[in-house]
Structures are given as structure tokens and as C-alpha cells.
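Observations on the model geometry
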Amino acid sequence: MSGVRVLVGTRKGAFILTADGKRRDWKVEGPLFGGWELYHLKGSPADPDRLYASQSTAWFGQQIQRSDDGGRSWKPVGNEFAYDGETGTHQWYDGTPHPWEFARVWHLEPSLSDPDVVYAGVEDAALFRSSDGGQTWQELSGLRGHGSGPHWQPGAGGMCLHTILLDPRDAERMIVAISAAGAFRTEDAGKTWTPANVGLHSEGIPDGDAEVGHCVHHLARHPSRPDVVYMQKHWDVMRSDDGAQTWREVSGNLPTDFGFVIDVHAHEPDTIYVVPIKSDSEHYPIDGHLRVYRSRTGGDDWEELGDGLPERDCYVNVLRDAMAVDTMDDCGIYFGTTGGQVYVSTDAGDRWAPIVHDLPAVLSVEVQTLP
Amino acid sequence: MTDVRVVLPTHLRTLAQVTGEVKVTIGGPDSTQGALLDALEAAYPVLRGAIREHGTLRRRPFVRFFAGEADLSHDPPTTPLPPAVLAGREPFCIVGAMAGG
């Protein structure tokens, strides 16, 4: 392994952070697409030079940018995300029907095997697929049309499809998550979908155990054990051992089980990370101490990790797509904050150091381990 | 055929990889706002969806059209362009609305 490339999306552009395998000395490039919101950038697992980026503003809409040379140059590709067939309605905040309207791409998930295939999770919630490197996009409308769509409601940040988990065993199997509808899974490449929320319990919805309506914040899993899926819900950290068919809570001794990110160590499928946030109305760490929590048992038992992180007066948030892990022998853990810091740990979370201090608010962090 | 001067906002100049004003040629009798935007998007396809929504071709909510100190944003696309724009004395300005922070 020669090094790492960290792709950082922020409120005002993208940044690329690179380092050799020691991950001590960093080169910072950017802003790319300055002034635009970069909700997400991600590289193809099949071709590390192929990168995709979601670039948007409320003023000028959505652009998708593609790089074929590892981020040295970019070109805009297709930006038309047309819902398939009857647009239909979902529920608005006041409970009235509201037509589906495209707002932006929250998440881009390149195929595990084909650099030209990429999925896009969008607001208003839907899943799109491109098989030509992002030039054209087709909705996998079985998700939005599977039956519960008219009952979905937006979360405070909008009704967004923000997580796409591809199954390394079978390209036709996917799990996605939508705020605030919940998780859904498909086994036929997106033609048909099943709600995947059994075992979730949410305060603040009329039926706390409803089939849909849960505000799932993020999902993660280890490629060696695809049926074990971890979830950071609005409140509650959850775990599934059967491919998201059923869930159980593993919040254990966390000081608060509200949060946004969750991720899994690259080489230890039972080692997972969250960043507890005080509450749904106070989106910052408890007592101004920024802390990562690690469980080495797949949940329930958590340890506080704070060496190198702010001890006081820290009132930032860590958003749902803003944590990532590399696959170096000493697994690196990365996360970005709404205060513009990006932190790295090169020893699985024991010690942390900032790579950068003062970027715009960080929306997403992804890392590529370069050959 | 008429060459119309168009001023793009900074973000769209960057996207279209242009500097300063651009010139767009529109056809004789069809000298409307809609024709100008059609021609602009044909010349710079990357602007499709950035000024008007795909499909409906509705002006995006935070985009404004100004010319000759008049706000043309709410004119229907079939509205003829002002004579000063067609004569090249005034540019057609596409502006990002003042909003946000």
C-alpha cells in the first residue's frame, strides 16, 4: 500500500487530503468546486482513479462530477434525475400529500466491480443507477413504488436516501436507508424492495414499532460478514445478524445513543465506531468533549476514545457520511466535523490527530487506500 | 440571426468554463426569453438543469433574469426580449438571487 487519499465534501467545496502509508504528513488540495455544496465524493473500488462527486447548490441545482485520474481533473457528467413514471406523493411535514421533487444527490455509491456503474441516493428519497459512468441516470422505482412510499415523511434535513450498502457476495442485493422512512432491502437488483425495520423502536412516531417511518441515520457493515449490519438510528445504535431482516439494540453503555455516523474497522468485523451526540435538539458532544466510542464486541460494550480530541468547548457535529476507514495494516479511522476539522487515528482509534482544522463544515469523508 | 450578450453568475461561468460575457445567437422571429435560454443551453450543455429545471423548463427558484434595469424573471418564456438586448446594447443578466449566507 502506497498511501491514502481522503475525499472531503464540505458546505463550500471539496478537498483532497493525501499522505503516504504513515499518514503523518498530509498534502491538502482544494477547494474544488469552491462555493458549491459537496454532499459526497467517492472512489470506485474497482478503479481508484475513478471518482464521483455530488456538487449542488440551492441556486443552480445538481451537478455530478467525474474524475478519471484520481482527482487531478474533473468533468461534469449527467445531472438529470427524472423520477420514473407517475411521480406520486409522499407525506409533507404537516401530513398532507406532497409531490416527489428532486432536490439533490446525498450519496454516490460506485459498484464494487464496474467503475462505470454507480448508484445515487437522492432527496426526495429515491435510488438511481447509472451504467455509463454517470452520463445518464435511471431510477430504480420499485423502491419508491413498493407500497409504503406515500406514507414516508421527511426528517428535519429533508427526505433523503443517504446510505447504500452493496453486497460483496451478490450484486443484486442491496440495503438502503432513508430519513425518515427507514431501511429497505432488495435481492433482485432493485426491482422489488422490503422494509427492513423489524426490531426498531422510535419515539416520536404514532406507532413506535411501525414498518416504516424510522429515522435511520446511517448503516455500516464489514465486507467479510455482509449479514451483520450496524445502524446509527436517530436514537439507538442497532445491530442485525440476518442481513437487516431483524434488529436489536446495542447501545449498551454509550453516554447517549443519539448520533449520525457509524463505521466498522477494516480488519476486525466486531470493532465498530460511533460519535455520540448529546440529543436530537443539541447536535454537539456532551459537555463539549469530542469523543469517539469504540466497541470491540460488535456493540453493547463501548469504550471512550479521546486522546488527541478536544477536551473542552467543542460544540461541533459529525454528520452521517463523515466517517470512513482505510484498509492499511494499521487501520486508519477518519472523521470530519461541522467545525471544519478532519481527524485521523492510525491506531484504530487509540490516538487522534487533526489533518486540517479550518475547512468549511464537513459533510462527508471517504478514504481510498491506494495501491 | 442576432447575437445576444449574456452575463452568467460566477458559479455558472466556472461550470461553463467561460470568462466574462458570452454571446448566444438566436433566430430572427423567435427572439424570446425561452429561445435565448434554449440557445444558451445548446451552446453550453452543462448549464442544462442549472438555470431551468429539467423537464418542466421552469426557472429555478433562486435564479433571476435582469436586463436594462428591469426584472424579467417572472415573464413567461414566450415574452420577446427587450429591444436593447436584441440590439446588443444591454446584456441579458442571469443572476443568483440574494439569499442564504
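Residues numbered from 1 in each chain as written. Chains lettered and ligands numbered in written order. Predicted model: local features only at pLDDT ≥ 70, side-chain atom pairs only at ≥ 80, totals over all residues.

1. A closer look at the interface of chain A and chain B
The interface of chain A with chain B comprises 13 residues on the first partner and 13 residues on the second. Top element by residues in the side of chain A that touches chain B is strand β6 (residues 61-67) of chain A. It accounts for three residues. Each residue belonging to the side of chain A that touches chain B can be placed in one class, and the counts come to six nonpolar, six polar and one charged. (Contact = placed C-beta atoms within 7 Å. Helix = DSSP H or I, 4+ residues; strand = E, 2+ residues; numbered from the N terminus. Nonpolar A, V, L, I, M, F, W, Y, C, P; charged D, E, K, R; others polar.)

2. Brief notes about the pairing of strand β28 (residues 342-345) of chain A
All names here are of chain A. On β28, burial covers both faces: Val342 and Val344 on one face and Tyr343 and Ser345 on the other are all buried. Pairing of strand β27 (residues 333-336) with β28 involves four bridges; the strand directions are antiparallel. Across the sheet, the residue bridging to Ile333 is Ser345, located in β28. Hairpin connection between β27 and β28: a loop of five residues separates the two successive antiparallel strands, and Gly340 in this loop has a positive phi of roughly 90°. (Buried ≥ 20, exposed ≤ 12 C-beta atoms within 10 Å, placed from the backbone. Pairing = 2+ DSSP bridges.)

3. What about the nonpolar core?
Membership of the largest hydrophobic core comes to 108 residues, with the highest contact counts inside it found for Val8(A), Leu219(A), Tyr334(A), Val342(A) and Val365(A). Among the nonpolar cores identified, the runner-up in size contains 22 residues, and Val6(B), Leu8(B), Ile26(B) and Phe65(B) belong to it. (Core = buried A, V, L, I, M, F, W, Y, C linked by C-beta atoms within 7 Å.)

4. Overview of the sheet that holds β6(A)
All names here are of chain A. Taken in spatial order, the four strands make up an open sheet running β4-β5-β6-β7, and their pairing is antiparallel. Where the open sheet ends on each side, the last strands, each with one partner, are β4 (37-44) and β7 (75-76). Examined bridge by bridge, β4 and strand β5 (residues 47-57) share seven bridges and lie antiparallel to one another. Each bridged residue has a counterpart across the sheet, and for Lys42 the counterpart in β5 is Tyr52.

5. Describing unusual backbone geometry
Residue and element names in this part refer to chain A. Omega for the bond connecting Glu123 with Asp124 falls within 30 degrees of zero, at -5°, which places this linkage in the cis form. Tracing the chain through its elements places Asp124 in the loop between β11 (118-123) and β12 (126-130). With an omega of 0°, the peptide bond running from Ser179 to Ala180 counts as cis. Tracing the sequence through the fold places Ala180 in the loop between β15 (174-179) and β16 (182-186). The phi dihedral of Asp236 falls on the positive side, at around 90°, and the residue is not glycine. Assignment of secondary structure puts Asp236 in the loop between β19 (229-233) and β20 (237-240).

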